[in-house]
Amino acid sequence: MSTQMSPGTETIEDRRTQPGSGDGDHERFSHYVPKDKLTEAMINGTPVIALCGKVWVPSRDPQKYPVCPQCKEIWESMKPGGGEKS
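All values reported here derive from a predicted model rather than from experimental measurement. Chains are numbered independently. Their residues run from 1 in the order of the written sequence. Predicted model: local features are reported for residues with pLDDT of at least 70 only, side-chain atom pairs are reported and counted for 80 or more only, and whole-chain, interface and lining totals are derived from all residues. To get the side-chain values, all heavy atoms of the structure are used, and hydrogens and water are removed first.

Colleague: Got a minute to help me understand the environment of Thr-39 in this structure?
Modeller: Structurally, the position occupied by Thr-39 is in helix α1 (residues 35–44). In this structure, the C-alpha to C-alpha distance between Thr-39 and Pro-58, residues 19 residues apart in sequence, is 9.5 Å. The way it works is that DSSP assigns letters per residue, a run of H or I at least four long becomes a helix, a run of E at least two long becomes a strand, and they are numbered from the N terminus.

Next comes the structure, spelled out in structure tokens:
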């Protein structure tokens, strides 16, 4: 049995890209996210955006992973004094 497409139909390939670093490093860290957004995401299963730009739906215990160095650097630069000691 052969399959033929109807006249005027075509196959469309989905060529959207998924953001990411490509090396999977973001999966090995816990990330900084506003606490209210994290709570909402854990309850509703909605995605959050970390300070470093990672987008994901939180589901794991962040205390089991080291802190993302990019998130930590950004967080420290946001503190009064920019994280520098006098």
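Colleague: Whenever I open this one, the state of the cysteines confuses me. Can you help?
Modeller: Linking two cysteines covalently via their sulfur atoms produces the bond known as a disulfide. Disulfides are defined in this document as cysteine sulfur pairs within 2.5 Å. Counting across every chain of the model gives zero disulfides. Here Cys-52 stays free of any disulfide, with the sulfur of Cys-71 as its closest cysteine sulfur at 3.7 Å. Residue exposure (1.4 Å probe, protein chains only): buried if accessible area is under 20% of the type maximum, exposed if over 50%, otherwise partly exposed. Classification of Cys-71 by relative accessible area gives buried; the value is 0%.

Colleague: Could you clarify how one ought to interpret the environment of His-31 in this entry?
Modeller: By the element assignment, His-31 lies in the segment before α1. Spatially, the C-alpha atoms of His-31 and Pro-62 are 7.7 Å apart, while their sequence positions differ by 31 residues.

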